[in-house]
Structure formats: structure tokens, C-alpha cells
Amino acid sequence: MSRVQGRPRRVRRAVGVLTTLAVLGMWEAAGRSGSVMFLEPFSVAARGAWDLVSGPGLRQDVLPSARNAVR
């Protein structure tokens, strides 16, 4: 692969990463501003998702409910 062919892939990846960071930043700012009542800041939502995945709530609450939903 020549340098010219590899460059567009890196540019697309960089644009994707920057776009994702911009969206997450806007989500955080909108949530912290209080202008949208139902929107939690990204940091709060991410912390809650991590607590759900890493805590006992996943095995005790979510997985049994998912199992019942597919029966």
C-alpha cells in the first residue's frame, strides 16, 4: 500500500473520532445546561451504564427480564 492510499483511511478515521467527540461534548454541554429537562449529561449516563454492567443489577434484574422477554 502506498502512502497515498493509506491517507484517506486515516483521514476518515480522524474525522469519525472528532465527530464522535464533538457529539459527546455537545451532549455533555446540553445536559449540564439544563435546557433539556430529560437529557442527562453524557458523564452521568456513562457512569450509570458502567454501574449497571459492572454491578449485580445486570445479573439480578436485566438478564432475567431479557430471558422472560424472549420466551
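Our subject is the structure listed above.
Calculation rules
- Residues numbered from 1 in each chain as written.
- Predicted model: local features only at pLDDT ≥ 70, side-chain atom pairs only at ≥ 80, totals over all residues.
- Heavy atoms only, no water.
- Helix = DSSP H or I, 4+ residues; strand = E, 2+ residues; numbered from the N terminus.
- Rg over C-alpha atoms; globule rule 2.2 N^0.38 Å.
- Buried < 20%, exposed > 50% of the residue type's maximum accessible area, 1.4 Å probe, protein only.
- Phe/Tyr/Trp six-rings, centres within 6.5 Å; stacked < 30°, edge-to-face > 60°.
- Salt bridge = Lys/Arg side-chain N within 4 Å of Asp/Glu carboxyl O.
- Expected span 1.5 Å × (residues − 1).
- Bend = angle between axes of the 7 residues up to and from the residue.
- Patch = residues over 30% accessible without salt bridge, like charges linked within 9 Å, V, L, I, M, F, W, Y side chains within 5 Å.
- Areas by Shrake-Rupley, 256 points an atom, 1.4 Å probe, with all protein chains shown as cover.

Enquirer: Hey, could you run me through the overall build of the chain in this one?
Expert: Of the regular secondary structure elements, the chain holds three helices and zero strands. Taken from the N to the C terminus, the helices and strands of the chain come in the order α-α-α. For 71 residues, the compact-globule estimate of 2.2 N^0.38 gives 11 Å, and the C-alpha radius of gyration of the chain, at 19 Å, exceeds that figure by more than 25%. Dimensions of the chain, computed from C-alpha atoms along their principal axes, come out at roughly 50 × 35 × 20 Å. Sorting the 71 residues of the chain into buried and exposed places 8% on the buried side.

Enquirer: Just to check I follow, could you spell out the packing of aromatic side chains for this structure?
Expert: To describe a pair of aromatic rings, one takes the distance between the centres and the angle between the planes. Evaluated as defined, the whole model comprises one aromatic pair. Aromatic pair W27 and F42: ring centres 5.0 Å apart, planes at 65°, arrangement edge-to-face. In this pair, W27 is assigned in helix α1 (residues 3-33) and F42 in helix α2 (residues 42-54), connecting sequence segments 15 residues apart. Of the residues examined, W27 reaches a relative accessible area of 31% and is grouped as partly exposed.

Enquirer: Would you mind showing me how to read the pattern of salt bridges here?
Expert: Opposite charge on two side chains allows them to pair when their charged atoms are near. In total, this model carries one salt bridge according to the counting rule given. Salt-bridge contacts for R32 lead to E28; the nearest nitrogen and oxygen are separated by 2.8 Å. Taken together, the positions of R32 and E28, both in helix α1 and four residues apart, correspond to about one turn of that helix.

Enquirer: Before we go on, may I ask you to explain helix α3 (residues 57-70) in this structure?
Expert: One turn of an α-helix holds 3.6 residues; hence residues three or four places apart share an orientation. Between its first and last C-alpha, α3 extends 19 Å over 14 residues, near the 20 Å set by a 1.5 Å rise per residue. Where α3 bends most, at L63, the angle is about 30°, and the proline P64 comes one to four residues later.

Enquirer: What's the story with a nonpolar patch on the surface in this structure? I'm lost.
Expert: The grouping of V17, L18 and L21 at the surface amounts to a nonpolar patch, some 300 Å² of accessible area in total. Residue V17 is classed as partly exposed on the basis of its relative accessible area of 45%.

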